[in-house]
Amino acid sequence: MSLEEKVGQMIQTDISRASPDDVRRYFLGSIISTVPEGTLGTSEAWRELFDGYQRAALETRAGIPLVFGIDAVHGHAYFDGDSVILPHNIGLGATRNPKLVRRLARVTARELAATGIRWTFAPAISVARDIRWGRTYESFGEDVELQKLFAAALVTGYQGEDLTADDTVGATAKHFIADGATDGGVDRGNATITDADLRSMHLPGFRDAIDNGVVAIMASFSSVNGEKVHGSKGLLNDLLKTELGFEGVVVTDWEGVRLAGLTMKQGLDAGIDMFMLVESWATGLPEIIRLVEDGEVPASRIDESVARILKMKLRLGLFEKPFSSAACAGTIGSEEHRAIARQAVRESLVLLKNDNEILPLPKDRRVIVVGSHADNVAYQSGGWTKKWQGAHEDLYGHPARPVAGATSIIDGIREAIGEDKVIDAGVDGFSEAADVAIVVVGETPYAEGIGDRSAEALVLNEGQQELIRRYHAAGKQVVTVLLSGRPLIVNDALEQSRAFVVAWLPGSEGSGIAEVLFGDYAFSGRLGFSWPRDAGQIPINIGDEDYDPLFPYGFGLRYESATEASN
Ligand code: BGC
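Just so we're clear, the structure is a prediction, and the values are computed from it rather than from any experiment. (Residues numbered from 1 in each chain as written. Predicted model: local features only at pLDDT ≥ 70, side-chain atom pairs only at ≥ 80, totals over all residues. Heavy atoms only, no water.)

K.L.:
Give me the packing of aromatic side chains: which residues, what numbers.
P.N.:
Scanning the entire structure with this criterion turns up 13 aromatic pairs. Seen from their ring centres, Phe430 and Tyr471 are 4.8 Å apart, and the 40° between their planes marks the pair as tilted. Pair noted here: Phe430 is in the loop between strand S14 (422-424) and strand S15 (436-442) and Tyr471 is in helix H17 (residues 462-473), with a separation of 41 residues, a long-range link. An angle of 80° between the planes, with centres 5.1 Å apart, marks the rings of Phe523 and Tyr559 as edge-to-face. A residue pair is termed long-range when its members are at least 10 positions apart, and Phe523 in the segment after helix H19 (511-517) and Tyr559 in the segment after H19 qualify at 36 residues. Every member of this aromatic cluster is reached through a ring pair, and the members are Trp46, Phe50, Phe68 and Phe79. (Phe/Tyr/Trp six-rings, centres within 6.5 Å; stacked < 30°, edge-to-face > 60°. Helix = DSSP H or I, 4+ residues; strand = E, 2+ residues; numbered from the N terminus.)

K.L.:
Give me the site of the ligand: which residues, what numbers.
P.N.:
Taken together, 13 residues surround the ligand, and among them Asp71, Arg135, His175, Asp253 and Glu448 come closest. Here an oxygen atom of the ligand and a side-chain polar atom of His175 are 2.7 Å apart. Here an oxygen atom of the ligand sits 2.7 Å away from a polar atom, N or O, in the side chain of Glu448. For the ligand, whose unbound accessible area comes to 310 Å², protein coverage reaches 96%. (Near = heavy atom within 4 Å. Polar contact = N/O pair within 3.5 Å; in protein donor to acceptor, adjacent residues only side chain to side chain. Areas by Shrake-Rupley, 256 points an atom, 1.4 Å probe, with all protein chains shown as cover.)

K.L.:
Please set out helix H13 (residues 299-315) residue by residue, giving values where relevant.
P.N.:
In a regular helix each residue adds 1.5 Å, so 17 residues correspond to 24 Å; H13 covers 24 Å between its end C-alpha atoms and thus fits that length. Regarding H13, the residues found buried are Arg301, Ile302, Ser305, Val306, Arg308, Ile309, Leu310, Met312 and Lys313. At the exit of H13 stands Gly317, carrying a positive phi of roughly 75°. (Expected span 1.5 Å × (residues − 1). Buried < 20%, exposed > 50% of the residue type's maximum accessible area, 1.4 Å probe, protein only.)

K.L.:
Can you break down the pattern of salt bridges residue by residue, with the values?
P.N.:
Any two side chains of opposite charge can pair if their charged atoms end up close together. Following the criterion strictly, the structure yields 44 salt bridges and no others. The partner of Glu255 in a salt bridge is Arg258, and the shortest N-O contact between them spans 2.9 Å. With relative accessibility at 1%, the residue Glu255 sits in the buried group. Between Lys363 and Asp520 there is a salt bridge, with its nearest N and O atoms 2.7 Å apart. Of this pair, Lys363 sits in the loop between strand S12 (350-354) and strand S13 (367-370) while Asp520 is found in the segment after H19, placing the two residues 157 residues apart along the sequence. The partly exposed category is assigned to Asp520, whose relative accessible area is 40%. One network of salt bridges, with partners in common, ties together Asp14, Arg17, Glu255, Arg258 and Glu279. (Salt bridge = Lys/Arg side-chain N within 4 Å of Asp/Glu carboxyl O.)

K.L.:
Could you give an account of the nonpolar core, naming the residues involved and the relevant values?
P.N.:
Counting 185 residues, the largest nonpolar core has Phe176, Leu352, Leu359, Ile413 and Ile438 as its most contacted members. Ignoring anything within four residues of it in the chain, the contact list for Leu352 reads Leu494, Phe500, Val502, Leu527, Trp531, Phe551, Phe555 and Leu557. With five residues, the next largest nonpolar core counts Ala77, Ala378, Ala391 and Val403 among its residues. (Core = buried A, V, L, I, M, F, W, Y, C linked by side-chain atoms within 4.5 Å. Contact = heavy atoms within 4.5 Å.)

K.L.:
Run through the sheet that holds S15, naming residues and quoting values.
P.N.:
Taken in spatial order, the six strands of this open sheet run S12-S17-S16-S15-S13-S14, and their pairing is mixed. Of all strands in the sheet, those bounded by a partner on one side alone are S12 and S14. The mean angle between the axes of side-by-side strands here comes to 20°, regardless of whether they run parallel or antiparallel. Both strand S16 (residues 477-483) and strand S17 (residues 499-502) contribute to a ladder of four bridges, which runs parallel. (Pairing = 2+ DSSP bridges. Axes fitted to C-alpha atoms, helices over the stretch in contact; angles between N-to-C directions.)

K.L.:
Explain H17 to me, using residue names and the numbers behind them.
P.N.:
Across its 12 residues, H17 extends 16 Å between first and last C-alpha, which sits within 8% of the 16 Å expected from 1.5 Å per residue. Those residues of H17 not exposed but buried are Gln464, Leu467, Ile468 and Tyr471. Buried residues of H17, seen end-on, are gathered within an arc of 90° and therefore sit on one face of the element. Where H17 is buried, its residues contact S13, S15, S16 and helix H18 (491-496). Regarding H17, its N-cap is Asn461, as a side-chain oxygen of that residue lies 3.1 Å from the backbone nitrogen of Gly463 further along. Among the residues trailing H17, Gly475 stands out with phi positive, at a value near 85°. (Arc of directions from axis to C-beta.)

Structure below.
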């Protein structure tokens, strides 16, 4: 291969910023699919789009196939059709069920492959140590125990038994390393951490991912003790590649090198193999070529990366089968997939309070259902759904997108007890028509640093608090369902609720919640995060000195005796 051909392989750009002709001319190695802005809507249309790019890659002299990647972090959630949206990782952590989580990753893999995508930028195996962090919900929990429980399950779920099969995708363990350990929970911030803590709390899941053959690992935007990970030879080359023996592809985060204020040379020297250069590929690519031509970066460094990238493509079977397969097309949004997701929703629910065993609710009585999150499938799905910040009209003014095929919480309740028994009081209405009010409230969607909050801001908004207060004051039995990407300070709401359920960000299968509220299934979820008493306690983690949370890590009530779950 020529130098140009090699360097092209090291570039990943975004589908909206490069044409098939660019692939042909610059030998680009990979494409990330941010959602094509127009609606394609069907798996055929997606496959056609990617196959068009693939044809261009195969027309080049070396004919090396492209690999298409996407942020499928909770199902094929960027697909603009009726794909299944899975609970975010914080909910998976609460299940404590790696077998189920492996099956969820199989669901995602099939739905991705059905649209021609063979690589996901998941799983995030972050250990979030400070719930002020906007990515807390991408973490299973605050302790390495959960990273260890789930890293291998997700990697083997995505990658299946045979990576060349039509229903598997390559996985990316991210973000290496200690992304959840930054001071103050600041996204892309700096982790002040000892080597011992780094290795014991943030590394074991990466080791498991590697042992299970993960094809890629993404560098973290953050820094460790003042050094940007993207430029750290000690972390990427020495620790990850040499000491841990990782033989796959080290990929940058989105414009990770540039956004970290580093040069391409620093990224190359550190050990980056593939550069996610979305906005800047047209300048970054010639820059790498120049660095090699000028002798600033040895050709052997390029060869090492290209060998890793080609090996990944070989492992994915792309040389034999470069074009998409329709084999999984029928699985998108299938009843089988929804049933697995619904099980995950049920198992992710954590019961914090159940006074007088008000739950399970009887099915033969009317209930009031109210709250901003009761009938909003965008809110219940959270960030990374249909677009970066979530499917609602976001803070950038990007219009809402449908979460096709999803079931809202109230719809699930209607399914469970019959439409005639559900009094819909809307977002904030008041009704006297029943004794029980299910109030569904929580955070609105966000992703990454956009979700960073002060400890004091980790509360329900005033309107939501007022709603709970009002129903309580009217003598209603309030059952609060909280949809949230992390614990919130909800002392008053807890006080005013007979029962309090944390549903995290459940995704498209809202009926899983009613199935547990009305007793078809039992509660089994357990907290992956310590629940603070007040803002002053944040950050709080199991193992802290003077550990005294409102609800400890591992807490979760059950129906039978309403005693604390013990396993
Ligand atoms: C995020 C990554 C993601 C990447 C690609 C970044 O902003 O940090 O988690 O995989 O974008 O979209």
